Amino acid sequence: MEVHAHSHAHGKKTWKSYFWEFLMLFLAVFCGFLAEYQLEHKIEKDREKQYANSLYEDLKIDTFSIKEAIRINDFVTRKIDTFRNMVQYEPLHSLPAGTWYYYGRFGTRYMSVPFQDATLHQLKSSGGLRYFKSREVADAIAQYDQACRRLQTQLDLQDAVYPLLLSTRNNLFNAYYFDEVMNLNLSAEKIDSFKQKTMPFLSEKKEDFIQYANICQLRSFNNKSLIERKSETLKKAEQLLAILKIKYKLK
């Protein structure tokens, strides 16, 4: 029997086959990379818009709060200065006790600004500031944050003098009678009525009134400095508000 050898042609791959396989693999990986990049880019843009919108809403509340704080700050400081002038130039019994009580109570009026700072804190703590690609936006956020921190430092200075103000005031006045005039939005009629009332002093010594007025002088000076800080912070808030409104088409 004659045996024949059978040749099986498996066909060797050419360099062109390897090239096309490599190209297809490369394109698949590259397209996947592009898709992932585009998705990540979209996520970052969405987060940027979300943060911008949230910060914008916070700033609208903050600007209103700061304006109100400036108004109250000015109102209270003028009353403190009136009290200081009374102590300096008026004999105690030349005015009704209610008048002394009314103006004397403003020395211990606590100043604060209720910032809506949750978004700003989140941006700083989570590294979210990186989402803002615009240098103008990032700089405006940084300037506003710096102004807020300077203002808060100024507000914190109240804590040192406040206990002394309170204890010195309480040597003169019975705080029970202050209840009627704690609201800053009282009508002129109610204020005038209170100022004419008769009520007891805890001390009638001139030196005790001068001591309280001296501490009120420091309070008045600090309050006027606070108005400057609040005005600076308000300016930075309004600048950032305007930039966000234009950049992200916010209302």
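Scope of this entry: the structure provided in the associated data block.

Thresholds, definitions, all that
- Residues numbered from 1 in each chain as written.
- Predicted model: local features only at pLDDT ≥ 70, side-chain atom pairs only at ≥ 80, totals over all residues.
- Heavy atoms only, no water.
- Helix = DSSP H or I, 4+ residues; strand = E, 2+ residues; numbered from the N terminus.
- Buried < 20%, exposed > 50% of the residue type's maximum accessible area, 1.4 Å probe, protein only.
- Contact = heavy atoms within 4.5 Å.
- Core = buried A, V, L, I, M, F, W, Y, C linked by side-chain atoms within 4.5 Å.
- Polar contact = N/O pair within 3.5 Å; in protein donor to acceptor, adjacent residues only side chain to side chain.
- Phe/Tyr/Trp six-rings, centres within 6.5 Å; stacked < 30°, edge-to-face > 60°.
- Lys, Arg positive; Asp, Glu negative; His and termini not counted.
- Salt bridge = Lys/Arg side-chain N within 4 Å of Asp/Glu carboxyl O.
- Arc of directions from axis to C-beta.
- Expected span 1.5 Å × (residues − 1).
- Axes fitted to C-alpha atoms, helices over the stretch in contact; angles between N-to-C directions.
- Parallel < 35°, antiparallel > 145°, perpendicular 65-115°, else oblique.
- Nonpolar A, V, L, I, M, F, W, Y, C, P; charged D, E, K, R; others polar.

Overview of the overall build of the protein
Line of reasoning, step 1. Tallying secondary structure elements over the protein gives seven helices and zero strands in all.
Line of reasoning, step 2. Here the protein holds 251 residues, and the buried ones make up 37% of them.
Line of reasoning, step 3. Sequence-distant contacts in the protein: of pairs separated by 6 or more residues, those separated by 24 or more amount to 88%.

Quick look at the nonpolar core
Line of reasoning, step 1. With 61 residues, the main nonpolar core has F83, W100, F173, F209 and L244 as its most contacted residues.
Line of reasoning, step 2. Looking at this core, the elements that each hand over two or more residues are α1 (15-89), α2 (97-104), α3 (118-126), α4 (135-156), α5 (158-169), α6 (188-195) and α7 (206-247).
Line of reasoning, step 3. By residue number, the principal contributor to this core is α1, which donates 14 residues.

With respect to the environment of E204
Line of reasoning, step 1. As for its placement among the helices and strands, E204 is situated in the loop between α6 and α7.
Line of reasoning, step 2. Put simply, E204 and N171 are 33 residues apart on the chain and 9.6 Å apart in space, counted from C-alpha to C-alpha.
Line of reasoning, step 3. In contact with E204, other than residues within four places in its own chain, are L92, H93 and F209.
Line of reasoning, step 4. Of the polar contacts made by the side chain of E204, one reaches the side chain of H93; its length is 3.2 Å.

Topic: the packing of aromatic side chains
Line of reasoning, step 1. Scanning the model with the defined rule gives 19 aromatic pairs in all.
Line of reasoning, step 2. Where F83 meets F173, the ring centres are 6.4 Å apart and the plane angle is 65 degrees; that geometry is what we call edge-to-face. Taken as a pair, F83 in helix α1 and F173 in the loop between α5 and α6 lie far apart in primary sequence, 90 residues in all.
Line of reasoning, step 3. The exposure class of F83 is buried, given its relative accessible area of 0%.
Line of reasoning, step 4. Ring centres of Y102 and Y103 lie 5.0 Å apart, and the angle between their planes is 80 degrees; on these two criteria the pair is classed as edge-to-face.

Examining the side chain of S220
Line of reasoning, step 1. Residue position: S220 is located in helix α7.
Line of reasoning, step 2. With sequence-adjacent residues up to four places away left out, S220 is seen in contact with T77, I80, D81 and R84.

Things to note about the side chain of D62
Line of reasoning, step 1. The residue D62 is located in helix α1 in this model.
Line of reasoning, step 2. It turns out D62 is buried and unbridged, and the closest side chain with the opposite charge, K124, is 12 Å from it.
Line of reasoning, step 3. Here D62 is in contact with P114, F115, Q116 and Y144, once residues within four sequence places are set aside.

Digging into α3
Line of reasoning, step 1. Among the residues of α3, T119, L120 and L123 are the ones counted as buried. Each buried residue of α3 lies within a common arc of 100 degrees when the element is viewed along its axis, so the set occupies one face. Every exposed residue of α3 that faces more than 90 degrees away from the buried side is listed here: A118 and S125.

Details of α7
Line of reasoning, step 1. Helix length check: α7, at 42 residues, gives a terminal C-alpha distance of 61 Å against a target of 62 Å (1.5 Å per residue), a fit within 8%.
Line of reasoning, step 2. Two residues or fewer after α7 comes K249, characterised by a positive phi angle close to 55 degrees.

Here's the deal with the packing of α2 against α6
Line of reasoning, step 1. Following both chains from N to C, one finds α2 and α6 inclined at 120 degrees, their axes separated by 6 Å at the closest point. In this view, α2 runs oblique relative to α6, as classed from their interaxial angle. The segment α2 lies against α6, with G98, T99, Y101, Y102 and Y103 engaging I191, F194 and K195.
Line of reasoning, step 2. Looking at the contact of α2 with α6 residue by residue, the class counts come to five nonpolar, two polar and one charged.

A short note on the environment of I243
Line of reasoning, step 1. Structurally, I243 can be placed in helix α7.
Line of reasoning, step 2. Sequence-wise, I243 and V137 are 106 residues apart; in three dimensions their C-alpha atoms are separated by 6.8 Å.
Line of reasoning, step 3. If we ignore the near neighbours within four places in the chain, the residues touching I243 are E136, V137 and A140.

Examining the pattern of salt bridges
Line of reasoning, step 1. Taken as a whole and assessed by the stated rule, the structure comprises 13 salt bridges.
Line of reasoning, step 2. For E57, the salt bridge identified is with K60, shortest N-O distance 3.4 Å. With E57 and K60 both in helix α1 and three residues apart, the pair spans about one turn of that helix.
Line of reasoning, step 3. A relative accessible area of 35% means that E57 is categorised as partly exposed.
Line of reasoning, step 4. Here R78 makes a salt bridge to D74, at a shortest N to O gap of 3.1 Å. In this pair, R78 and D74 are both assigned in helix α1, four residues apart and thus about one turn of the helix distant.
Line of reasoning, step 5. If you follow the salt bridges from partner to partner, you end up with D81, R84 and K224 in one network.

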